[in-house]
Amino acid sequence: MRTEGQTLYAADVTGVSSLGKFYVEHERGLIGTGAVLTFLLAWEAVTRSRLVDPLFLSSPTLIVRAGYELFAEGTIWRDLRVSGTEFVVGYLMAAGVAIPLGLALGWYRRLYFCLGPFIDVLNAVPRVALLPVIIIWFGIGVWSKIVVVFLGAVIPMLINTFSGVKTTEERFLKVARSFGASELKIFWTIVFPGTVPFIFTGLKYAAGRALLGVVVGELYAATAGIGFLITVSGATFQTDKVFVGILIVTTTGVLVVELLDRLERRFEGWRPKVGSAT
Amino acid sequence: MPVKLEAQRICLEYYQPRTGRRLLALDDIDLAIMDGEFVSIVGPSGCGKTTFLNVVDGLLPATSGRILLDGKVVTEPGQDRAMVFQDASLLPWRTVLGNVLYGLECQGIGTRPARQRAQHFIEMVGLQGFEHHYPYELSGGMQQRANLARALVMDPQVLLMDEPFAALDAQTREVMQEELLQIWRQAKKTVLFITHQINEAIYLSDRVIVFTTRPGRVKQSVTIDIERPRKLAVKRDPRFLQLEDFVWNLIEDEVRKTMLADRSSRGSAEVGPPDSGV
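Bear in mind that the values here come from a model prediction, so they are computed numbers and not experimental data.

Thresholds applied
- Each chain carries its own residue numbering, running from 1 in the direction its sequence is written.
- In the order they appear in the text, chains get letters beginning with A and ligands get numbers beginning with 1.
- Totals for whole chains, interfaces and linings use every residue, but because this is a predicted model, local features are given only for residues with pLDDT of at least 70 and side-chain atom pairs only at 80 or more, for both listing and counting.
- As a rule here, side-chain values cover all heavy atoms of the structure and leave hydrogens and water aside.
- A run of H or I in DSSP becomes a helix once it reaches four residues, and a run of E becomes a strand once it reaches two; helices and strands are each numbered from the N terminus.
- In this setup the radius of gyration rests on C-alpha atoms only. A globule is expected at 2.2 Å times the number of residues raised to 0.38.
- Throughout, exposure labels follow a simple rule: accessible area from a 1.4 Å probe, protein chains only, divided by the maximum for the residue type, with under 20% read as buried, over 50% as exposed, and the rest as partly exposed.
- The contact criterion used is simple: two residues touch if any of their non-hydrogen atoms lie within 4.5 Å.
- Surface accessibility in these figures is a Shrake-Rupley result with a 1.4 Å probe; residues are shielded only by whichever protein chains are displayed.
- Charge convention: Lys and Arg are scored as positive, Asp and Glu as negative, and His as well as the terminal groups of each chain are ignored.
- Where a charge sits is defined by one atom per residue type, namely NZ (Lys), CZ (Arg), CG (Asp) or CD (Glu).
- Axis lines are fitted to C-alpha atoms, over the contacting stretch for helices. Their N-to-C directions set the angle, which ranges from 0 to 180 degrees.
- Geometric relationships in this document are graded by angle, where less than 35 degrees denotes roughly parallel, more than 145 denotes roughly antiparallel, 65 to 115 denotes roughly perpendicular, and other angles denote oblique.
- Here the term charged refers only to Asp, Glu, Lys and Arg, the term nonpolar to Ala, Val, Leu, Ile, Met, Phe, Trp, Tyr, Cys and Pro, and the term polar to all other amino acids, Gly among them.
- Strand pairing follows a simple DSSP-based rule, namely that at least 2 bridges must link the two strands.
- Under the pairing criterion, centres of Phe, Tyr and Trp rings, with the six-membered ring standing for Trp, must be within 6.5 Å; the plane angle then separates stacked pairs below 30 degrees from edge-to-face pairs above 60, leaving the rest tilted.
- Every residue is assigned a pLDDT by the predictor, reflecting its confidence on a scale from 0 to 100.
- Salt bridges, as used here, are contacts in which a Lys or Arg side-chain nitrogen is within 4 Å of a carboxyl oxygen on Asp or Glu.

Draft legend 1. Structural view of the overall build of chain A. Within chain A one finds 13 helices and zero strands. Helices and strands in chain A line up, N terminus first, as α-α-α-α-α-α-α-α-α-α-α-α-α. By the compact-globule yardstick of 19 Å for 278 residues, chain A is too spread out, its C-alpha radius of gyration being 25 Å. The principal-axis extent of the C-alpha atoms belonging to chain A is close to 75 × 75 × 30 Å. Relative to its 278 residues, chain A shows a buried fraction of 38%. Of the contacts made within chain A by residues no fewer than 6 positions apart, 71% connect residues no fewer than 24 positions apart. In the structure as shown, chain A presents an accessible area of about 16,300 Å², 70% of it carried by carbon and sulfur atoms.

In structure tokens form, the structure reads like this:
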């Protein structure tokens, strides 16, 4: 049955042209690229044909041109530097606090009893609503945004890390105790490896929250940054520039998640691959 | 032959938070195992076999009574005993070699001598060539071989085996039983083996201990006077079948009692030692 299917498949591939073979091998990428291209062409067509005013919707070519101009003028570098600093510093500070603290909260029950209420409240409060006071405390410079980014990112990282520790499997703890492992050994060989996937989930989710913090923080009060660029351009009906800003933020988010995915794969060789291929 | 392992009047009671009652799991268990003896415990499910093994390993403290090893009281896990756990207890983030090394690491044994010892036992259980495979890449039988190697490498005096073959298919199980006997002969260990399969217990053991239904008590000790080495074919021997019949009759009443007890308490109390109570 199985060999029959394989020969059939082989016959299919050899029977068609090399172009067909290329398609079979790259089906996923081709369909994805095709869909995106179609979307961009349709967008371009809708504005070119004046079905919709380009001032309203912009268009892929207009966005590319606006992007080119922004980089050529050079003012955007400052925005990138400011937003980049806010994102990187806030995000790394959040990771530096959330991962150790999440591990500790999961491991020491009483520490959780003590800090749990604060975390629950911080999780429930919309971080954006804190912006006015954050600006009062930290000014309209980089630091107020770093704090917003930090507050946005720290919670998902913390909660995920904590859950990771909590889902440590009893049977592995029993194995470790049976071999006379010390508490420290149990932590590093049983609890931590099981928590790693949760930490990555938290880091990935937090990347989105951190970018949100950058943009919203700069929308509210700033003198530079990509969020600032978006606000100013929007207020002056420069839709093309707004989209350039959005594109930069989106690309950053995708790149950060991709980077984390790659890093995670290096840790996760022990995990069976799950999921359907089609 | 001197007595290797002795259980003296072991009682274990635990508190059930849900019902607020105290439950007697083990009732006055007296047991003496000779040096180099292979002893199995059989009994209806929920009779406390595994709980008793956990007490012997030192993972669970007995409410009263004591465990003696070579005449000395033991209260916590030690290098003199090693447990072969039920299925899926290998650490999934460690390779076969990493798992076998685990106990040695816990005892702070240096890497180089540890690796040599690990390699020796990996070969003894027939896993050479699979040292760098992760558990998910192994069949159930191979996983249990690794599990056995992980315990043997500690060079324990007593091997505690908690239904190690329960999750294996019938054929693999038979082969593993025969191999276990060969390894036992080579390694010259005292073995305390838990199973619910009567013919497995008889085939492997010098003595089969039958437990009563909850609370677990020693109902009878049955000496298995079948000469060794034993081929798998011995299971079809009239003498073997007679013993099987005899042990089954001892257990049958207990199983019926368990079923009646279950029926009367269905929905109100879930009985059975909490595996998490370690």
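Draft legend 2. Local environment of the overall build of chain B. What chain B contains, in helices and strands, is seven helices and ten strands. Dimensions of chain B along its principal axes, counting C-alpha atoms only, are 55 × 45 × 40 Å. Taking contacts inside chain B between residues at least 6 apart in sequence as the whole, the part at least 24 apart equals 71%. Within the structure as shown, chain B displays about 12,500 Å² of accessible surface, and the carbon and sulfur contribution to it stands at 50%. Put simply, chain B has 33 plus and 36 minus side-chain charges, and the middle of one group is 2 Å from the middle of the other.

Draft legend 3. Molecular detail of the packing of helix α6 (residues 75–107) of chain A against helix α7 (residues 109–124) of chain A. Residues and elements named next belong to chain A. At a minimum axis separation of 7 Å, α6 and α7 run at an interaxial angle of 125°. When the axis of α6 is compared with that of α7, the two are oblique. When α6 is examined against α7, the residues Leu101, Ala104, Leu105 and Trp107 are found in contact with a partner set consisting of Arg109, Leu111, Tyr112, Leu115 and Ile119. The class makeup of the residues in the contact of α6 with α7 is eight nonpolar, no polar and one charged.

Draft legend 4. Broad picture of the sheet that holds strand β5 (residues 72–74) of chain B. Residue and element names in this part refer to chain B. Sheet architecture is open: four strands sit in the order β2-β1-β4-β5, paired in antiparallel fashion. Taken across any chain shown, the strands that pair with only one partner, and hence form the sheet edges, are β2 (21–34) and β5. Each strand of the sheet is rotated relative to its neighbour by a mean of 30°, with strand direction disregarded. The pairing of strand β4 (residues 64–69) with β5 spans three bridges and is classified as antiparallel. Looking at β5, one finds that Leu68 is bridged to Val73. Against the sheet, helix α1 (residues 49–57) touches β1 (3–16), β2 and β4, its axis set at about 120° to β1.

Draft legend 5. Looking closely at the packing of aromatic side chains. Residue and element names in this part refer to chain A. One pass over the full model with this rule turns up 16 aromatic pairs over all chains. When the ring of Phe71 is compared with that of Trp77, the centres are 5.2 Å apart and the planes differ by 75°; the resulting orientation is edge-to-face. Assessed through its relative accessible area of 34%, Phe71 is described here as partly exposed. Ring plane angle 65° and centroid distance 5.0 Å describe the contact between Trp188 and Phe192, whose orientation is recorded as edge-to-face. On the criterion of helical spacing, the pair formed by Trp188 and Phe192 is a turn pair, its members being four residues apart in helix α11 (residues 183–220). Judged by its relative accessible area of 48%, Trp188 is partly exposed. Each residue in the set Trp107, Phe187, Trp188 and Phe192 is aromatic and connected to the rest through ring pairs, giving one cluster.

Draft legend 6. View of the confidence of the model for chain B. Residues and elements named next belong to chain B. With 94% of its residues at a pLDDT of 70 or more, chain B shows a mean pLDDT of 86. Across residues 267–278 the pLDDT falls below 50, and counting only partners more than four positions away or on other chains, this stretch makes 22 contacts in the model. Model confidence for the complex: the whole-complex pTM is 0.79, and ipTM, which rates the interface, is 0.84.

Draft legend 7. Fine view of the sheet that holds strand β6 (residues 81–84) of chain B. All names here are of chain B. Spatially, the six strands line up as an open sheet ordered β6-β7-β8-β3-β9-β10, and their pairing is mixed. What marks the edges here is a single partner per strand, and that holds for β6 and β10 (218–223). This sheet shows a mean twist of 20° between the axes of neighbouring strands, independent of strand direction. Taken together, the four bridges between strand β3 (residues 38–42) and strand β9 (residues 207–211) define a ladder with parallel strand orientation. Each residue of the ladder has a partner; that of Val42, found in β9, is Val210. This element, helix α4 (residues 140–152), spans β6 and β7 (158–162) of the sheet and lies at about 175° to β6.

Draft legend 8. Region of the structure containing the pattern of salt bridges. All names here are of chain B. Here the structure, examined in full by the defined rule, presents 21 salt bridges over all chains. In this structure, Lys4 and Asp70 form a salt bridge, with 3.1 Å as the shortest nitrogen-oxygen distance. Of the two residues, Lys4 sits in strand β1 while Asp70 sits in the loop between β4 and β5, which places them 66 residues apart along the sequence. One salt bridge in this structure joins Asp206 and Arg228, with 2.9 Å as the shortest N-O distance. Placement of Asp206 in the loop between α6 (198–204) and β9 and of Arg228 in the loop between β10 and α7 (238–265) is noted, with a sequence separation of 22 residues between them.

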